[in-house]
Amino acid sequence: MKKNLIIGAGQLGSRHLQGLLKLTQKQVVYVLDPSSGSLEVAEKRANEIGHSHSVNYISDWNKLPKELDLVIVATGANVREKVITQLLLGHKVNKLVLEKILFQDIESYHKIGLLLQKTNTPTWVNHPRRMLSHYQQVKKELVKAKGKIVFQVVGGNWGLACNSLHFIDLCSFLSGEVVEELDLDWLDNSIHKSKREGNIEFTGSIKGKMKDNSSFIITSFDKEVSDISISVSTSSQRWVIQEGSAQKIIHFSKYNGFQEVITSFTTEFQSTLTTKIANDLFEFGNSSLPTYEEACLSHIPFIKASIKKYIEITGIETNTCPIT
């Protein structure tokens with residue numbers, strides 16, 4: 001019987017729990033959180049899923065088994081380094097999945113990287129757009145076409161600080177390259193309150209370049225919330241992916257005279273994606289999510305640039321940027 005753990009029972013953690021409970025393989029699931037309110041939310045959402053698994057809602061680390069098959073860490077970024085350290089020093093973890101943004105400071109990336117190596121813990125980071133079939137199909141076409149891409153994201157007030165890494169990772173996935181340059185000079189010269197207490201948000205644009213000269217620009221307007229549009233362009237093809245309410249892809253190609261071809265897709269939520277992640281890890285020992293090492297190639301330059309921009313805007317000397 002599998003012994004699985006979710007650390008952090010808030011909004012996202014409770015969706016991960018729903019995903020685990022959809023597994024057919026028998027399991028005991030532990031949900032660990034110091035907040036009784038968060039545990040209550042998780043239990044309520046678990047009760048929405050018909051299942052026969054055993055679920056333990058706990059606040060005490062001592063109630064965990066010493067060996068765990070799968071652990072998902074869904075805490076805020078500000079405590080994640082401490083949580084992972086406590087987890088790996090006290091327990092054997094066979095597979096580990098971490099939420100983003102991984103950490104708010106650079107030192108934690110190196111510290112946890114060394115600890116993962118020391119404990120030989122296979123680890124992935126939850127950038128789930130790589131898992132979605134419509135992006136995988138675009139990737140196949142790009143592999144055949146070869147050459148650099150131009151990648152753009154536009155929307156309004158969608159959480160540029162906390163969510164940009166999802167799109168930087170998507171650009172890395174589609175281009176097959178890693179980040180070489182990242183520029184936050186195009187951000188608006190202001191700080192916004194995040195919906196997550198104690199954290200901040202940016203608006204404006206982030207631009208960058210991959211090692212093959214593929215480029216990206218990611219924009220969040222400081223206006224009302226609006227759906228996100230993603231465009232992926234090569235010299236011969238264009239894709240416009242409309243996320244949110246429309247859920248459609250418009251494809252233009254020189255091979256049909258750039259006549260638009262429109263297809264639709266259905267957004268998969270975390271409660272479904274977690275089921276796929278767990279199934280892949282248990283059946284194949286791997287996942288289409290980026291590994292910790294792969295994710296760090298985007299996270300570290302992004303956090304470095306974010307800290308620099310945060311200091312520039314606020315005048316506060318710090319080695320962290322409060323985003324999660």
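Everything quoted here is computed from the prediction, not taken from an experiment.

S.K.: Mind showing me how you'd approach the overall build of the chain here?
M.R.: Each helix and strand counted, the chain has eight helices and 16 strands in total. Relative to the globule expectation of 20 Å for 324 residues, the C-alpha radius of gyration of the chain, 20 Å, shows essentially globular dimensions. Per-residue burial for the chain yields a buried fraction of 55% across its 324 residues. Sequence separation of 24 or more characterises 70% of the internal contacts of the chain that already satisfy a separation of 6 or more. In the structure as shown, the chain presents an accessible area of about 15,100 Å², 49% of it carried by carbon and sulfur atoms. Within the chain, the 34 negative side-chain charges are centred at a point lying 4 Å from the centre of the 37 positive side-chain charges.

S.K.: Is there a simple way to think about the packing of helix H4 (residues 106–119) against helix H8 (residues 292–314) in this case?
M.R.: For any two helices packed against each other, one specifies the crossing angle of their axes together with the interaxial distance. Interaxial distance between H4 and H8 falls to 10 Å at its minimum, and their mutual angle equals 165 degrees. In terms of axis orientation, H4 runs roughly antiparallel to H8. Once H4 is placed against H8, the crossing between them reads as left-handed. For the pair H4 and H8, the contacting residues are Ile106, Ser108, Tyr109, His110, Ile112, Gly113 and Leu116 in the first and Tyr292, Cys296, His299, Ile300, Ile303 and Lys304 in the second. When its residues are assigned to classes, the contact of H4 with H8 shows eight nonpolar, four polar and one charged.

S.K.: Teacher, can you tell me more about the nonpolar core here?
M.R.: When a protein is soluble and globular, its nonpolar side chains tend to lie buried together. The biggest cluster of nonpolar side chains holds 98 residues, and the ones touching the most others in it are Leu87, Phe151, Phe216 and Ile230. Top element by residues in this core is H8. It accounts for eleven residues. Apart from the residues lying within four places of it in its own chain, the contact partners of phenylalanine 151 are Phe167, Leu170, Cys171, Leu174, Ser215, Phe216, Ile217, Ile230, Ser231 and Val232.

S.K.: Could you clarify how one ought to interpret the sheet that holds strand S11 (residues 204–210) in this entry?
M.R.: Across the sheet, eight strands lie side by side as S8-S11-S12-S7-S13-S14-S15-S16; this open sheet has mixed pairing. Every other strand in the sheet has two partners, leaving strand S8 (179–183) and strand S16 (261–264) as the edge strands with one partner each. Put simply, the sheet's adjacent strands are angled 15 degrees from each other on average, direction ignored. Inspection of the sheet shows strand S7 (residues 150–156) paired to strand S12 (residues 215–221) by seven bridges, in the parallel sense. Considered in S12, the bridge of glycine 155 is made with serine 220. Packed on one face of the sheet, helix H5 (residues 133–145) meets strand S13 (226–233), strand S14 (237–242) and strand S15 (248–253) and runs near 170 degrees to S14. Contacts between helix H6 (residues 160–175) and the sheet are confined to S7, S8, S11, S12 and S13, with S12 contributing the most and set at about 155 degrees to the helix.

S.K.: Is there a simple way to explain the sheet that holds strand S5 (residues 92–98) in this structure?
M.R.: Pairing between the strands of a sheet is mediated by backbone hydrogen bonds and can be parallel or antiparallel. With parallel pairing, the six strands of this open sheet are ordered in space as S3-S2-S1-S4-S5-S6. Looking at the sheet topology across the chains shown, the edges are occupied by strand S3 (54–58) and strand S6 (123–125). Each adjacent strand pair in this sheet contributes to an overall mean axis angle of 20 degrees, direction not counted. In the packing of helix H1 (residues 11–21) onto the sheet, the strands contacted are strand S1 (2–7), strand S2 (27–32), S3 and strand S4 (67–73), and the crossing angle to S2 comes to about 175 degrees. Contacts between H8 and the sheet are confined to S5 and S6, with S6 contributing the most and set at about 40 degrees to the helix.

S.K.: Teacher, can you tell me more about the packing of aromatic side chains here?
M.R.: Aromatic rings considered in pairs are described by the distance between their centres and by the relative angle of their planes. On inspection of all chains with the given rule, the structure shows two aromatic pairs. An angle of 85 degrees between the planes, with centres 5.0 Å apart, marks the rings of phenylalanine 103 and tyrosine 109 as edge-to-face. On the basis of an interplanar angle of 80 degrees and a centroid distance of 5.2 Å, the ring pair of tryptophan 158 and phenylalanine 167 is categorised as edge-to-face. You'll find tryptophan 158 and phenylalanine 167 in the same group, each marked buried. The ring of phenylalanine 173 has lysine 139 lying over it, and the distance from NZ or CZ to the ring centre is 5.3 Å.

The rules behind these values
Numbers given to residues run from 1 along each chain, matching the order in which its sequence is written. Predicted model: local features are reported for residues with pLDDT of at least 70 only, side-chain atom pairs are reported and counted for 80 or more only, and whole-chain, interface and lining totals are derived from all residues. The basis for the side-chain values is all heavy atoms of the structure; hydrogens and waters are excluded. Under the DSSP-based scheme used, a helix requires at least four consecutive residues in state H or I and a strand at least two consecutive residues in state E, with every element numbered from the N terminus. Every radius of gyration here is taken over C-alpha atoms, with the globule rule written as 2.2 Å times N^0.38, N being the number of residues. Here the term buried applies to any residue with accessible area under 20% of the maximum for its type, exposed to any over 50%, and partly exposed to those in between, with areas from a 1.4 Å probe on protein chains only. By the convention used here, residues are in contact when the closest approach between their heavy atoms is within 4.5 Å. Residue exposure ignores everything except the shown protein chains as possible cover, and the areas themselves are Shrake-Rupley values with a 1.4 Å probe. Charge assignment: positive for Lys and Arg, negative for Asp and Glu; neither His nor the chain ends contribute. Each charge is placed at NZ for Lys, CZ for Arg, CG for Asp and CD for Glu. For helices, the axis comes from a line fit to the C-alpha atoms of the stretch in contact; other axes are also lines fit to C-alpha atoms, and the angle between any two N-to-C directions lies between 0 and 180 degrees. The scheme is simple: roughly parallel for angles under 35 degrees, roughly antiparallel for over 145, roughly perpendicular for 65 to 115, oblique for anything else. If you view the pair so one helix is near and one far, a crossing is left-handed when the near helix is turned anticlockwise from the far one by less than a right angle, and right-handed when it is turned clockwise. Polar here means any residue outside two lists: the nonpolar Ala, Val, Leu, Ile, Met, Phe, Trp, Tyr, Cys and Pro, and the charged Asp, Glu, Lys and Arg; Gly therefore counts as polar. Nine residue types can take part in a nonpolar core, namely buried Ala, Val, Leu, Ile, Met, Phe, Trp, Tyr and Cys, and a core is a set of them joined through side-chain atoms within 4.5 Å. Strands were regarded as paired on the criterion that DSSP finds at least two bridges between them. Planes of paired rings set the category: under 30 degrees apart is stacked, over 60 is edge-to-face and the rest tilted, where pairs are Phe, Tyr or Trp rings (Trp by its six-membered ring) whose centres lie within 6.5 Å. Whether a charge lies above a ring is judged from NZ of Lys or CZ of Arg, which has to be within 6 Å of the ring centre and within 35 degrees of the ring normal.

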